[in-house]
Amino acid sequence: MRGAVIHAPGDVRLETLDDPKISRPTDAIIRTVATCVCGSDLWPYRGAEPVDEAHPMGHEYVGIVEEVGSEVTNVKPGQFVVGSFATSDNTCANCRNGWQSSCLNREFMSTCQADYVRIPNAHGTLVATDEHPSGDLVPSLLAVSDVMGTGWYAALAAEVKPGSTAVVVGDGAVGLCGVIAAKELGAERIIAMSRHESRQKLALNFGATDIISERGDEGIARVNDLTGGIGADSVLECVGTAESMRQALHSARPGGNVGFVGVPHEVSVEGQELFFSQVGLRGGPAPVRRYLPDLIDRVLTGRINPGKVFDLTLPLDRVAEGYRAMDERRAIKALLKP
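Reference entry: report on the structure contained in this document. Bear in mind that the values here come from a model prediction, so they are computed numbers and not experimental data. (Residues numbered from 1 in each chain as written. Predicted model: local features only at pLDDT ≥ 70, side-chain atom pairs only at ≥ 80, totals over all residues. Heavy atoms only, no water.)

## Regarding the sheet that holds strand S12 (residues 189-193)
Rules: Should DSSP find at least two bridges between two strands, the strands are taken to pair. The secondary structure listing takes helices from DSSP runs of H or I that are at least 4 residues long and strands from runs of E that are at least 2 residues long, numbered from the N terminus. Convention adopted: a line fitted to C-alpha atoms gives each axis, helices being fitted over their contacting stretch, and angles between N-to-C directions are expressed from 0 to 180 degrees.
Read from one edge of the open sheet, six strands run S13-S12-S11-S14-S15-S16, paired in parallel fashion. Both outer strands of the open sheet, strand S13 (210-212) and strand S16 (280-283), are each paired with one neighbouring strand and no more. Sheet twist, expressed as the mean angle between neighbouring strand axes with direction ignored, is 20°. In the sheet, strand S14 (residues 232-237) pairs with strand S15 (residues 252-260) via five bridges, with the strands oriented parallel. Residue pairing across strands places Ser234 opposite Asn257, the latter belonging to S15.

## Description of helix H5 (residues 147-157)
Keep this limit in mind: In this scheme, a residue with accessible area under 20% of its type's maximum is buried, one over 50% is exposed, and one in between is partly exposed, where area comes from a 1.4 Å probe on protein chains only. We call two residues in contact whenever any of their non-hydrogen atoms come within 4.5 Å of each other.
For H5, a buried count of ten out of eleven residues is recorded, marking the element as mostly surrounded by other parts of the structure. Along H5, the residues that are buried comprise Val147, Met148, Gly149, Thr150, Gly151, Trp152, Tyr153, Ala154, Ala155 and Ala157. Those residues of H5 that are buried are in contact with helix H4 (138-144), helix H6 (173-184), S14, S15, S16 and helix H11 (288-300).

## Structural notes on the sheet that holds strand S4 (residues 55-56)
In spatial order, the strands read S2-S1-S4; together these three strands make up an open sheet with antiparallel pairing. Each edge of the sheet is formed by a strand with only one pairing partner; in this case those strands are strand S2 (11-16) and S4. Here strand S1 (residues 2-8) runs beside S4; their pairing, made up of two bridges, is antiparallel. The residue bridging Val5 from the neighbouring strand is Pro56, located in S4.

## Observations regarding the side chain of Arg199
To be explicit about the condition: A 3.5 Å cut-off defines polar contacts: any pair of N or O atoms within that distance qualifies, except that in protein one atom must be a possible hydrogen donor and the other a possible acceptor, and neighbouring residues in sequence count only when both atoms are side-chain atoms.
Here Arg199 is to be found in helix H7 (residues 197-206). The buried category is assigned to Arg199, whose relative accessible area is 5%. In terms of polar contacts, Arg199 uses its side chain to reach the backbone carbonyl oxygen of Asp171, at 3.3 Å. Here the side chain of Arg199 touches Ala331 through a polar contact of 3.2 Å, landing on its backbone oxygen. Ignoring sequence-local partners within four residues, the contact set of Arg199 consists of Asp171, Gly172, Leu176, Ser194, Arg329, Ala331 and Ile332.

## Some details on the packing of aromatic side chains
Stated formally: Only rings of Phe, Tyr and Trp enter the pairing, Trp through its six-membered ring, and a pair is recorded when the two centres are within 6.5 Å. The plane angle decides the type: under 30 degrees is stacked, over 60 is edge-to-face, the rest tilted. Here, over-ring charges are defined by two tests on the NZ atom of lysine or the CZ atom of arginine: distance to the ring centre within 6 Å, and angle to the ring normal within 35 degrees.
A full pass over the atoms with the stated rule returns four aromatic pairs. Measuring from centroid to centroid gives 5.8 Å for Trp99 and Tyr153, while their planes differ by 85°, and the two rings are edge-to-face. Placement of Trp99 in the loop between helix H2 (93-96) and strand S8 (107-108) and of Tyr153 in helix H5 is noted, with a sequence separation of 54 residues between them. Trp99 gets classed as partly exposed once you look at its relative accessible area, which sits at 30%. Relative accessible area serves as the criterion here: at 2%, Tyr153 is assigned to the buried category. Against the face of Trp99 rests Arg290, its NZ or CZ located 4.9 Å from the ring centre.

## Overview of the pattern of salt bridges
The condition that has to hold: When a carboxyl oxygen of Asp or Glu is within 4 Å of a side-chain nitrogen of Lys or Arg, the pair counts as a salt bridge.
As enumerated under the stated definition, the model contains 20 salt bridges in all. Among the charged side chains, a salt-bridge network with shared partners connects Glu184, Asp294, Arg298 and Arg303.

## Digging into the packing of H6 against H7
Selection criterion: If an angle is under 35 degrees, it is roughly parallel; if it is over 145, roughly antiparallel; if it lies from 65 to 115, roughly perpendicular; otherwise it is oblique. Left-handed is the label given to a crossing in which the near helix is rotated counterclockwise from the far helix by less than a right angle, and right-handed is the label when the rotation is clockwise. Residues are grouped as follows: Ala, Val, Leu, Ile, Met, Phe, Trp, Tyr, Cys and Pro are nonpolar; Asp, Glu, Lys and Arg are charged; every other residue, Gly included, is polar.
Here H6 crosses H7 at 20°, and the two axes come no closer than 8 Å. One finds that H6 runs roughly parallel with respect to H7. Crossing of H6 against H7: the hand is right-handed. Between H6 and H7, the contacting residues are Leu176, Val179, Ile180 and Lys183 on the first element and Arg199, Leu202, Ala203 and Phe206 on the second. For the contact of H6 with H7, the residue count by class is six nonpolar, no polar and two charged.

## Looking at the nonpolar core
Here is the rule we go by: The definition of a nonpolar core used throughout is a set of buried Ala, Val, Leu, Ile, Met, Phe, Trp, Tyr and Cys residues joined through side-chain atoms within 4.5 Å.
Counting residues in each nonpolar core, the largest one holds 56 residues, and the members touching the most others are Val62, Val82, Val144, Met148, Val160, Leu236 and Val309. Here this core gets eight residues from one element, more than from any other, and that element is H6. Once residues within four sequence positions are removed from consideration, Val144 is found in contact with Val82, Gly149, Val288, Leu292, Leu295, Ile296 and Val299. With 18 residues, the next largest nonpolar core counts Ile6, Val37, Leu42 and Ala331 among its residues.

Following this line, the structure appears as C-alpha coordinates:
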(Lines give C-alpha, C1' and ligand atoms only; values in the text may rest on other atoms or scores of the structure.)
Protein backbone atom coordinates (compact mmCIF):
# COMPACT_ATOMS: atom_id res chain seq x y z
CA MET A 1 0.00 0.00 0.00
CA ARG A 2 0.96 3.67 -0.15
CA GLY A 3 1.65 5.65 3.02
CA ALA A 4 3.18 8.97 4.07
CA VAL A 5 6.55 8.76 5.82
CA ILE A 6 8.48 11.61 7.44
CA HIS A 7 12.25 11.33 7.08
CA ALA A 8 13.35 14.68 8.49
CA PRO A 9 11.90 18.13 9.11
CA GLY A 10 10.39 19.33 5.85
CA ASP A 11 10.76 15.91 4.22
CA VAL A 12 7.52 13.91 3.89
CA ARG A 13 7.29 11.28 1.16
CA LEU A 14 4.67 8.88 -0.09
CA GLU A 15 6.18 5.41 -0.10
CA THR A 16 5.19 1.79 -0.67
CA LEU A 17 4.69 0.13 2.73
CA ASP A 18 3.61 -3.31 3.87
CA ASP A 19 -0.13 -3.81 3.97
CA PRO A 20 -1.42 -3.83 7.57
CA LYS A 21 -2.52 -7.18 8.99
CA ILE A 22 -4.67 -8.29 11.90
CA SER A 23 -2.19 -8.90 14.72
CA ARG A 24 -4.60 -9.09 17.67
CA PRO A 25 -8.19 -10.31 17.93
CA THR A 26 -9.25 -6.75 18.83
CA ASP A 27 -7.86 -5.25 15.58
CA ALA A 28 -9.65 -4.13 12.46
CA ILE A 29 -8.32 -3.14 9.05
CA ILE A 30 -9.98 -0.24 7.28
CA ARG A 31 -9.61 1.15 3.78
CA THR A 32 -9.37 4.89 4.19
CA VAL A 33 -11.97 6.98 2.40
CA ALA A 34 -10.34 10.20 3.57
CA THR A 35 -7.47 11.24 5.80
CA CYS A 36 -5.71 14.56 6.32
CA VAL A 37 -2.80 16.57 7.67
CA CYS A 38 -3.18 17.83 11.25
CA GLY A 39 -1.72 20.96 12.76
CA SER A 40 0.10 18.77 15.27
CA ASP A 41 1.79 16.98 12.35
CA LEU A 42 3.55 20.27 11.67
CA TRP A 43 5.53 20.11 14.92
CA PRO A 44 7.92 17.43 13.62
CA TYR A 45 7.65 18.80 10.08
CA ARG A 46 8.95 22.16 11.35
CA GLY A 47 11.62 20.56 13.53
CA ALA A 48 9.92 21.46 16.82
CA GLU A 49 9.82 17.75 17.63
CA PRO A 50 12.71 15.41 16.82
CA VAL A 51 12.57 13.02 13.87
CA ASP A 52 15.06 10.42 15.02
CA GLU A 53 14.15 7.96 12.30
CA ALA A 54 11.79 7.75 9.36
CA HIS A 55 8.25 6.81 10.42
CA PRO A 56 4.66 6.85 9.06
CA MET A 57 2.39 9.81 9.73
CA GLY A 58 -1.28 10.57 10.28
CA HIS A 59 -3.90 10.05 12.98
CA GLU A 60 -7.22 11.19 11.44
CA TYR A 61 -9.32 8.84 9.36
CA VAL A 62 -12.66 7.63 8.14
CA GLY A 63 -13.02 4.51 6.06
CA ILE A 64 -14.60 1.21 5.15
CA VAL A 65 -14.00 -1.85 7.31
CA GLU A 66 -12.12 -4.52 5.34
CA GLU A 67 -11.40 -7.12 8.01
CA VAL A 68 -11.96 -7.58 11.75
CA GLY A 69 -10.36 -9.68 14.47
CA SER A 70 -12.27 -12.44 16.23
CA GLU A 71 -13.19 -10.24 19.22
CA VAL A 72 -14.55 -7.31 17.18
CA THR A 73 -18.32 -7.59 17.02
CA ASN A 74 -19.58 -4.01 16.91
CA VAL A 75 -18.41 -3.32 13.35
CA LYS A 76 -18.23 -5.59 10.32
CA PRO A 77 -16.67 -5.55 6.86
CA GLY A 78 -18.34 -3.14 4.48
CA GLN A 79 -19.41 -0.58 7.09
CA PHE A 80 -18.35 3.06 7.01
CA VAL A 81 -16.64 3.97 10.30
CA VAL A 82 -15.28 6.95 12.18
CA GLY A 83 -12.58 6.52 14.80
CA SER A 84 -10.30 8.56 17.03
CA PHE A 85 -6.61 9.42 17.15
CA ALA A 86 -6.45 7.64 20.54
CA THR A 87 -7.75 4.08 20.52
CA SER A 88 -9.68 2.77 23.51
CA ASP A 89 -11.26 -0.45 24.67
CA ASN A 90 -14.23 1.60 25.97
CA THR A 91 -14.55 -0.77 28.95
CA CYS A 92 -11.75 0.10 31.40
CA ALA A 93 -12.37 2.39 34.38
CA ASN A 94 -11.04 5.47 32.59
CA CYS A 95 -13.22 4.78 29.56
CA ARG A 96 -16.29 4.22 31.71
CA ASN A 97 -15.60 7.60 33.34
CA GLY A 98 -15.56 9.22 29.90
CA TRP A 99 -11.80 9.60 29.49
CA GLN A 100 -11.18 7.23 26.61
CA SER A 101 -8.05 9.13 25.59
CA SER A 102 -6.53 7.81 28.85
CA CYS A 103 -7.70 4.24 28.28
CA LEU A 104 -5.54 1.73 30.11
CA ASN A 105 -5.02 0.02 26.74
CA ARG A 106 -4.66 3.22 24.72
CA GLU A 107 -2.62 3.41 21.56
CA PHE A 108 -2.12 6.62 19.61
CA MET A 109 -2.72 6.31 15.88
CA SER A 110 0.23 7.30 13.71
CA THR A 111 -0.13 5.55 10.33
CA CYS A 112 -3.33 6.98 8.88
CA GLN A 113 -2.06 8.95 5.87
CA ALA A 114 -2.25 5.72 3.91
CA ASP A 115 -4.48 3.50 1.80
CA TYR A 116 -5.15 1.05 4.65
CA VAL A 117 -4.88 1.31 8.42
CA ARG A 118 -4.85 -1.20 11.27
CA ILE A 119 -7.06 0.03 14.11
CA PRO A 120 -6.15 -1.40 17.53
CA ASN A 121 -8.95 -1.68 20.11
CA ALA A 122 -11.35 -1.53 17.19
CA HIS A 123 -14.33 -2.74 19.23
CA GLY A 124 -14.12 0.29 21.51
CA THR A 125 -12.73 2.81 19.03
CA LEU A 126 -14.77 2.61 15.83
CA VAL A 127 -18.31 3.91 15.41
CA ALA A 128 -20.22 2.83 12.29
CA THR A 129 -22.80 4.95 10.51
CA ASP A 130 -26.11 3.34 9.61
CA GLU A 131 -25.29 3.65 5.92
CA HIS A 132 -22.50 4.98 3.76
CA PRO A 133 -22.64 8.79 3.89
CA SER A 134 -22.78 10.93 0.78
CA GLY A 135 -19.48 12.37 -0.37
CA ASP A 136 -20.32 15.89 0.79
CA LEU A 137 -20.55 14.66 4.40
CA VAL A 138 -17.19 12.87 4.42
CA PRO A 139 -15.09 16.00 5.25
CA SER A 140 -17.22 16.77 8.30
CA LEU A 141 -17.12 13.16 9.50
CA LEU A 142 -13.34 13.22 9.07
CA ALA A 143 -13.20 16.41 11.15
CA VAL A 144 -15.14 14.63 13.89
CA SER A 145 -12.32 12.06 14.21
CA ASP A 146 -10.05 14.72 15.70
CA VAL A 147 -10.36 18.47 15.24
CA MET A 148 -14.11 18.73 15.88
CA GLY A 149 -13.88 16.33 18.81
CA THR A 150 -10.89 18.24 20.16
CA GLY A 151 -12.60 21.62 19.76
CA TRP A 152 -15.65 20.17 21.51
CA TYR A 153 -13.51 18.99 24.41
CA ALA A 154 -11.83 22.41 24.64
CA ALA A 155 -15.25 24.04 25.03
CA LEU A 156 -16.40 21.52 27.63
CA ALA A 157 -13.12 21.78 29.55
CA ALA A 158 -13.52 25.56 29.56
CA GLU A 159 -17.07 25.04 30.87
CA VAL A 160 -18.84 26.97 28.12
CA LYS A 161 -22.45 27.44 29.21
CA PRO A 162 -25.57 29.01 27.71
CA GLY A 163 -25.31 32.79 27.80
CA SER A 164 -21.57 32.80 28.53
CA THR A 165 -18.69 34.62 26.86
CA ALA A 166 -16.01 32.46 25.27
CA VAL A 167 -12.64 33.36 23.77
CA VAL A 168 -10.96 31.04 21.26
CA VAL A 169 -7.18 31.37 21.06
CA GLY A 170 -6.00 29.88 17.77
CA ASP A 171 -7.50 30.01 14.28
CA GLY A 172 -6.40 26.62 13.02
CA ALA A 173 -8.86 23.80 12.42
CA VAL A 174 -9.17 22.99 16.13
CA GLY A 175 -9.78 26.61 17.09
CA LEU A 176 -12.36 27.03 14.35
CA CYS A 177 -14.10 23.86 15.48
CA GLY A 178 -13.93 25.28 19.00
CA VAL A 179 -16.03 28.18 17.73
CA ILE A 180 -18.61 25.67 16.48
CA ALA A 181 -18.56 23.92 19.86
CA ALA A 182 -18.97 27.14 21.82
CA LYS A 183 -21.92 28.09 19.62
CA GLU A 184 -23.54 24.66 20.02
CA LEU A 185 -23.07 24.80 23.80
CA GLY A 186 -24.90 28.12 23.96
CA ALA A 187 -22.24 30.80 24.33
CA GLU A 188 -23.80 34.22 23.74
CA ARG A 189 -20.55 35.91 22.79
CA ILE A 190 -17.68 34.14 21.02
CA ILE A 191 -14.47 36.08 20.53
CA ALA A 192 -12.13 34.51 17.97
CA MET A 193 -8.50 35.58 17.97
CA SER A 194 -7.21 35.53 14.40
CA ARG A 195 -4.96 37.54 12.11
CA HIS A 196 -5.94 35.86 8.85
CA GLU A 197 -8.87 37.16 6.82
CA SER A 198 -9.99 33.79 5.43
CA ARG A 199 -9.97 32.25 8.90
CA GLN A 200 -11.75 35.26 10.37
CA LYS A 201 -14.53 34.84 7.81
CA LEU A 202 -14.86 31.14 8.61
CA ALA A 203 -14.92 31.85 12.35
CA LEU A 204 -17.77 34.32 11.80
CA ASN A 205 -19.55 31.74 9.64
CA PHE A 206 -19.23 29.21 12.46
CA GLY A 207 -20.73 31.59 15.03
CA ALA A 208 -18.04 33.99 16.29
CA THR A 209 -19.45 37.38 17.27
CA ASP A 210 -16.15 39.27 17.54
CA ILE A 211 -12.69 39.03 16.00
CA ILE A 212 -9.48 40.13 17.70
CA SER A 213 -6.39 40.32 15.49
CA GLU A 214 -3.97 41.47 18.19
CA ARG A 215 -1.79 39.02 20.13
CA GLY A 216 0.06 39.03 23.45
CA ASP A 217 -0.63 41.89 25.84
CA GLU A 218 -2.50 43.81 23.13
CA GLY A 219 -4.78 40.84 22.52
CA ILE A 220 -5.43 40.44 26.26
CA ALA A 221 -6.23 44.17 26.50
CA ARG A 222 -8.73 43.86 23.65
CA VAL A 223 -10.48 40.97 25.43
CA ASN A 224 -10.71 43.08 28.54
CA ASP A 225 -12.13 45.96 26.50
CA LEU A 226 -14.84 43.71 25.08
CA THR A 227 -15.73 42.22 28.47
CA GLY A 228 -15.94 45.36 30.57
CA GLY A 229 -12.48 44.85 32.04
CA ILE A 230 -13.38 41.48 33.59
CA GLY A 231 -12.31 38.80 31.12
CA ALA A 232 -14.11 35.87 29.56
CA ASP A 233 -16.03 33.13 31.31
CA SER A 234 -14.35 30.49 29.16
CA VAL A 235 -11.19 30.42 27.07
CA LEU A 236 -10.30 27.70 24.57
CA GLU A 237 -6.51 27.41 24.07
CA CYS A 238 -5.99 25.66 20.74
CA VAL A 239 -2.34 26.32 19.85
CA GLY A 240 0.11 24.93 22.39
CA THR A 241 2.76 27.66 22.66
CA ALA A 242 3.89 29.61 25.69
CA GLU A 243 2.43 32.79 24.18
CA SER A 244 -0.98 31.23 23.49
CA MET A 245 -1.22 29.74 26.98
CA ARG A 246 -0.35 33.05 28.60
CA GLN A 247 -2.88 34.83 26.40
CA ALA A 248 -5.53 32.28 27.35
CA LEU A 249 -4.85 32.43 31.08
CA HIS A 250 -4.92 36.24 31.15
CA SER A 251 -8.04 36.47 29.01
CA ALA A 252 -10.15 34.56 31.53
CA ARG A 253 -11.97 36.25 34.38
CA PRO A 254 -11.40 35.27 38.02
CA GLY A 255 -13.42 32.10 38.44
CA GLY A 256 -13.33 31.46 34.71
CA ASN A 257 -11.92 28.39 33.00
CA VAL A 258 -9.35 27.60 30.33
CA GLY A 259 -9.62 24.43 28.27
CA PHE A 260 -6.24 23.76 26.68
CA VAL A 261 -5.92 21.28 23.84
CA GLY A 262 -2.97 22.59 21.87
CA VAL A 263 -0.11 20.09 22.25
CA PRO A 264 2.21 22.04 24.62
CA HIS A 265 5.66 23.09 23.44
CA GLU A 266 7.79 25.01 25.94
CA VAL A 267 4.68 25.87 27.94
CA SER A 268 4.95 26.46 31.68
CA VAL A 269 2.58 28.12 34.13
CA GLU A 270 4.11 29.80 37.17
CA GLY A 271 2.45 28.76 40.42
CA GLN A 272 1.95 32.23 41.89
CA GLU A 273 0.47 33.48 38.63
CA LEU A 274 -2.02 30.62 38.50
CA PHE A 275 -2.79 30.88 42.22
CA PHE A 276 -3.80 34.55 42.08
CA SER A 277 -5.58 34.27 38.73
CA GLN A 278 -8.27 32.06 40.32
CA VAL A 279 -8.69 30.50 36.87
CA GLY A 280 -9.34 26.81 36.39
CA LEU A 281 -7.23 24.85 33.88
CA ARG A 282 -8.16 21.56 32.26
CA GLY A 283 -6.85 20.01 29.08
CA GLY A 284 -4.98 17.19 27.46
CA PRO A 285 -5.74 14.81 24.60
CA ALA A 286 -9.46 14.96 23.86
CA PRO A 287 -11.58 11.91 24.72
CA VAL A 288 -13.02 12.01 21.21
CA ARG A 289 -14.63 8.57 21.49
CA ARG A 290 -16.97 9.94 24.18
CA TYR A 291 -18.36 12.49 21.73
CA LEU A 292 -18.43 10.47 18.50
CA PRO A 293 -22.09 9.34 18.53
CA ASP A 294 -23.35 12.85 19.30
CA LEU A 295 -21.04 14.65 16.85
CA ILE A 296 -21.69 12.16 14.05
CA ASP A 297 -25.42 12.73 14.53
CA ARG A 298 -24.97 16.52 14.43
CA VAL A 299 -23.11 16.17 11.13
CA LEU A 300 -25.56 13.73 9.55
CA THR A 301 -28.55 15.89 10.52
CA GLY A 302 -26.89 19.03 9.14
CA ARG A 303 -26.62 20.80 12.46
CA ILE A 304 -22.86 21.36 12.16
CA ASN A 305 -20.53 21.42 9.16
CA PRO A 306 -16.95 21.31 10.48
CA GLY A 307 -15.76 19.99 7.11
CA LYS A 308 -15.48 23.62 6.00
CA VAL A 309 -12.08 23.72 7.75
CA PHE A 310 -10.74 21.70 4.81
CA ASP A 311 -9.85 24.37 2.28
CA LEU A 312 -7.44 22.20 0.30
CA THR A 313 -8.19 18.73 -1.10
CA LEU A 314 -5.42 16.67 -2.64
CA PRO A 315 -4.87 13.09 -3.75
CA LEU A 316 -2.79 11.09 -1.30
CA ASP A 317 0.18 11.07 -3.65
CA ARG A 318 0.46 14.84 -3.16
CA VAL A 319 0.65 14.61 0.63
CA ALA A 320 3.94 16.56 0.70
CA GLU A 321 2.16 19.49 -0.93
CA GLY A 322 -0.47 19.36 1.80
CA TYR A 323 2.21 19.68 4.47
CA ARG A 324 3.86 22.59 2.65
CA ALA A 325 0.58 24.44 2.20
CA MET A 326 -0.30 24.17 5.88
CA ASP A 327 3.22 25.02 7.00
CA GLU A 328 3.14 28.17 4.87
CA ARG A 329 -0.39 28.95 6.10
CA ARG A 330 -1.74 28.79 2.56
CA ALA A 331 -4.25 26.23 3.81
CA ILE A 332 -6.11 25.77 7.08
CA LYS A 333 -6.29 22.01 6.71
CA ALA A 334 -5.47 19.65 3.85
CA LEU A 335 -7.79 16.70 3.14
CA LEU A 336 -6.18 13.71 1.42
CA LYS A 337 -8.07 11.28 -0.80
CA PRO A 338 -6.39 7.86 -1.26
